[in-house]
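Close look at the chain arrangement
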Amino acid sequence: MNPNKSWLTLAGLLLALTLLLSLSYITYNRTNQFLASSRWVDHTYQVILQLNTVLSELKDAETGQRGYLLSNNDLFLAPYNKAVINLPRQIKQLQDLSAQDQADVEAINTISDLILQRLDHLKVNIDRQRQEGQLFNHPGFTESLESGKAIMDNIRNLVGDISFRQQRLLADRAKVAEREASSTLSWIVFGNLTVVILLMSSFIVIIKEVKKRMLAQREAEQVAAQLQVTNKELESFSYSVSHDLRSPLRAIDGYSRMLEEDYSDILDQEGLRLLEVVRVNSKKMGQLIDDLLNFARSGRKELVLEEIDIRALANEAWKEVNAENKHPDVQFNNQVSLPSQGDKALIKQVLLNLLSNALKYSSPKAMPIISVTSEHANNQVLYTITDNGVGFDMTYAHKLFGVFQRLHTSEEFPGTGVGLAIVQRIIVRHGGSVTATSILEQGSAFSFSLPGRM
Amino acid sequence: MDQMQEVTILLAEDSPTDAEITKRALKKIGLTNKVIWVVNGQEALDYLLRAGTYANRASDEPKLILLDLKMPKVDGLEVLQTIKSLDATKHIPVVMLTSSAEEQDIVKSYQLGVNSYLVKPVEFDRFVEEVAKAGCYWTIMNKTPLMM
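Scope of this entry: the structure provided in the associated data block.

The next point concerns the overall build of chain B. Per the secondary structure count, chain B includes five helices and five strands. Classification of the 148 residues of chain B by burial places 52% in the buried group. Nonlocal contacts in chain B, meaning residues at least 24 apart in sequence, comprise 64% of its contacts between residues at least 6 apart. Carbon together with sulfur atoms contributes 53% to the accessible area of chain B, which is approximately 7100 Å² in total.

Right, dumping it as structure tokens:
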């Protein structure tokens, strides 16, 4: 996926997530507000209901008083007595309710005062009748009734006003709740739609990418299959090289030798020299073929990974290299302390090649010194083989590890130029790398890295 | 090895030059008077089993068989398999003498019961040395049961 596209997809997904979160927040808030609105609606109904309850209780008290005044019978006082007990409590409830929303507090306080006044009034009339008997024959009774009616009308009017105002309040609050509900709804619809679109487009981008990758994978598999076929062909090629190319060489060398053995008395000095040139060259070609096969094998052989004591392996390799050494004063310092993991046979080949190179190129010196060291480097272990030999020109360092690439002639130093190519191939297959540094006439250092302990 | 040894050696080798070098190497160690050279695997089996052109051969049982790996018709591995599967021949030492140092060939040969596996060196002197060592060991030093 190109980086822009993947950033875009990521941004889309993040935006969708953010939107979903804010939608959840908004929905939660709006639902809370909606619940509060319905609580207010409920509250308004309660206020109106309570007002009517108080009014009807007061009416009952009045009716009771009227019945008593007319009949002088205590039985009629029952509703009055009940109202006297209930009304203060109901007025208190009404005041509490109005205190909650601070609406009509004054009006309700006025009503409460008037009701209490009216109750006093009723009480005065009832008491007077008890003391003085049939009150409606007394002078001033009519005035008393009239003033009572005036208070009652006042109360009725006030209740009507409050009810009206509360109804309006109710309507306003319902309207606000409805508006909030509809805006919440549009938020939810719009937000969810956006989220869906964002998710869909991200999904499409991802699907496209997956398809592309599947295609690429299929291609890679095809390439791998082709490579396998090519590898097989190369294998059979190197097999026939190993068998068929060496046979004529053996004949060239063998028959030259036979000629030398059987006819040396006939051949003169020059004839024998020419014969020797033939033999040297067939030998050289034999070596080239062997090295090339080794090189092919080093890339083909399956890696068998194990923990390797490199110090011991270097000693072992040095023993083999030193067996053909003709220099009397070679010093070998094995300072390796770190183990590694790899294919033991192949890593030994690496050490053999590097050590025999070190010996070969330091042999012209009076006191050749070859040392091997180990150190940690970037999660790997770096092994370095140093010699104080003739060194090489760093200008050509890049050619060192190529097949059949040499920086010296085979007259100066024998060799075919495959050793370092094999070293590099083996180390690269282990996931490591090879480097070389040198100062002409002072020596070289070859390093290779391998994975550390498992 | 100063005196000539009277032993018969069967050499199966399709390359006349390799055969001549091998014979010369055997001669150098005094094992020359009875080398029977066949050029493919079928002939080698014919000789061993007294079949085909060798139906009426003299009773020269080889004391050693030198086998090339890659030969026309029947190759060395097939010959080896037959030799080691027959009671009449399985006691005869078989030495593979081949150009191939391929791991698969070596493994296969040992699985089939080869006694030695030699890779022919390109250099004549080393070739002589190898053949001489194997020839000496299997024909003179190695003891096989008499009643086979």
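Sheet strands pair by backbone hydrogen bonding; their relative direction is either parallel or antiparallel. Residue and element names in this part refer to chain A. Pairing in this open sheet of five strands is mixed, and the strands run β2-β4-β5-β7-β6 from one edge to the other. Two strands bound the open sheet, and with one partner strand each, they are β2 (331-334) and β6 (434-439). Neighbour-to-neighbour, the strand axes of the sheet open up by a mean angle of 15°, direction not taken into account. Relative to strand β7 (residues 443-451), β6 is paired through six bridges, and the arrangement is antiparallel. By the bridge assignment, Val 434 is partnered in β7 with Phe 448. Against the sheet, helix α7 (residues 344-362) makes contact with β2, β4 (369-377), β5 (380-387) and β7, and its axis sits at roughly 25° relative to β5, the strand it touches most. Each of β6 and β7 is contacted by helix α8 (residues 419-429), which is oriented at about 25° to β7, the strand it contacts most.

This part is about the interface of chain A and chain B. If you look at the interface, chain A gives 22 residues, while chain B gives 25 residues. Interface area, chain A with chain B, both sides summed: about 2100 Å², of which 48% is carbon and sulfur. Where chain A touches chain B, the interface holds seven salt bridges. Among the salt bridges present, the one from B:Arg24 reaches A:Glu261, with a minimum N-O distance of 3.0 Å. Applying the counting rule to chain A against chain B returns nine residue pairs in polar contact (both at pLDDT 80 or more). Those elements giving two or more residues to the side of chain A that touches chain B turn out to be α4 (141-263) and α5 (269-300) of chain A. The dominant element in the side of chain A that touches chain B, judged by the number of residues it contributes, is α4(A), at 16 residues. For the side of chain A that touches chain B, the class distribution of residues is five nonpolar, six polar and 11 charged.

In this section: helix α5 (residues 124-141) of chain B. Taking 1.5 Å of rise per residue, the 18 residues of α5(B) would be expected to cover 26 Å, and the 24 Å separating its terminal C-alpha atoms lies within 8% of that figure. What α5(B) keeps buried is the set B:Phe124, B:Phe127, B:Val128, B:Val131, B:Ala132, B:Ala134, B:Gly135, B:Cys136, B:Trp138 and B:Thr139.

It is worth spelling out the packing of aromatic side chains at this point. For the structure shown, the criterion picks out seven aromatic pairs over all chains. Here A:Tyr361 and A:Phe413 contribute two aromatic rings whose centre-to-centre distance is 4.6 Å and whose plane-to-plane angle is 55°, an arrangement assigned as tilted. Of the two residues, A:Tyr361 sits in helix α7 while A:Phe413 sits in the loop between β5 and α8, which places them 52 residues apart along the sequence. A:Phe413 shares its class with A:Tyr361; the two are buried. Aromatic side chains B:Tyr137 and B:Trp138 sit 4.8 Å apart centroid to centroid with 85° between the ring planes, which places their arrangement in the edge-to-face category. Three or more aromatic residues link up through ring pairs in this structure, and these residues are A:Phe392, A:Phe401 and A:Phe446. Lying across the ring of B:Tyr47, B:Arg57 places its NZ or CZ 4.1 Å from the centre.

All names here are of chain A. In this structure, Ile 347, Leu 355, Ile 385 and Phe 448 are the most contacted members of the largest nonpolar core, which totals 41 residues. For this core, the secondary-structure elements that each account for two or more residues are α6 (310-322), α7, β4, β5, α8, β6 and β7. At nine residues, α7 tops the list of elements feeding residues into this core. With near-sequence residues (within four places) excluded, Phe 448 lies in contact with Val 350, Leu 351, Leu 354, Val 381, Leu 382, Tyr 383, Ile 385, Ile 427, Ser 433 and Val 434. Residues Leu 69, Ile 111, Leu 119 and Leu 158 belong to the second largest nonpolar core, which totals 30 residues.

A few words now on the packing of α7(A) against α8(A). How two helices sit against one another is set out by the angle between their axes and by the gap between those axes. Residues and elements named next belong to chain A. Following both chains from N to C, one finds α7 and α8 inclined at 145°, their axes separated by 9 Å at the closest point. Seen from above, α7 lies across α8 with left-handed handedness. Taking contact as the criterion, the partners of Leu 346, Ile 347, Gln 349, Val 350, Asn 353, Leu 354 and Asn 357 in α7 are, on α8, Gly 419, Leu 420, Ile 422, Val 423, Ile 426, Ile 427 and Arg 429. Tallied by class, the residues present in the contact of α7 with α8 amount to nine nonpolar, four polar and one charged.

Okay, the packing of α6(A) against α7(A) next. Residues and elements named next belong to chain A. Closest axis-to-axis distance for the α6/α7 pair is 9 Å, and the angle between their directions is 50°. Here α7 runs oblique to α6, going by the angle between their axes. With respect to the hand of their crossing, α6 and α7 are arranged in right-handed fashion. Contacts between α6 and α7 involve Ile 310, Leu 313, Ala 314, Glu 316, Ala 317, Trp 318, Glu 320 and Val 321 from the first element and Lys 344, Ile 347, Lys 348, Leu 351, Leu 352, Leu 355, Ser 356 and Leu 359 from the second. Taken together, the residues of the contact of α6 with α7 sort by class into 11 nonpolar, one polar and four charged.

Within this structure, the stated rule accounts for 32 salt bridges over all chains. In this structure, A:Asp74 and A:Arg130 form a salt bridge, with 3.4 Å as the shortest nitrogen-oxygen distance. Of the two residues, A:Asp74 sits in the loop between α1 (3-71) and α2 (78-101) while A:Arg130 sits in helix α3 (residues 105-132), which places them 56 residues apart along the sequence. Exposure remark for A:Arg130: the relative accessible area of 48% places this residue in the partly exposed category. Note that A:Arg279 is salt-bridged to A:Asp253, the shortest N-O span being 3.1 Å. Placement of the pair is A:Arg279 in helix α5 and A:Asp253 in helix α4, with a sequence separation of 26 residues. Because the salt bridges share partners, they merge into one network encompassing A:Arg250, B:Glu13, B:Asp18, B:Asp68 and B:Lys120.

The rules we used
- Residues numbered from 1 in each chain as written.
- Chains lettered and ligands numbered in written order.
- Predicted model: local features only at pLDDT ≥ 70, side-chain atom pairs only at ≥ 80, totals over all residues.
- Heavy atoms only, no water.
- Helix = DSSP H or I, 4+ residues; strand = E, 2+ residues; numbered from the N terminus.
- Buried < 20%, exposed > 50% of the residue type's maximum accessible area, 1.4 Å probe, protein only.
- Contact = heavy atoms within 4.5 Å.
- Areas by Shrake-Rupley, 256 points an atom, 1.4 Å probe, with all protein chains shown as cover.
- Pairing = 2+ DSSP bridges.
- Axes fitted to C-alpha atoms, helices over the stretch in contact; angles between N-to-C directions.
- Buried area = accessible area lost by both parts, 1.4 Å probe.
- Salt bridge = Lys/Arg side-chain N within 4 Å of Asp/Glu carboxyl O.
- Polar contact = N/O pair within 3.5 Å; in protein donor to acceptor, adjacent residues only side chain to side chain.
- Nonpolar A, V, L, I, M, F, W, Y, C, P; charged D, E, K, R; others polar.
- Expected span 1.5 Å × (residues − 1).
- Phe/Tyr/Trp six-rings, centres within 6.5 Å; stacked < 30°, edge-to-face > 60°.
- Lys NZ or Arg CZ within 6 Å of the ring centre and 35° of its normal.
- Core = buried A, V, L, I, M, F, W, Y, C linked by side-chain atoms within 4.5 Å.
- Left-handed = near helix turned anticlockwise from the far one by under 90°.
- Parallel < 35°, antiparallel > 145°, perpendicular 65-115°, else oblique.

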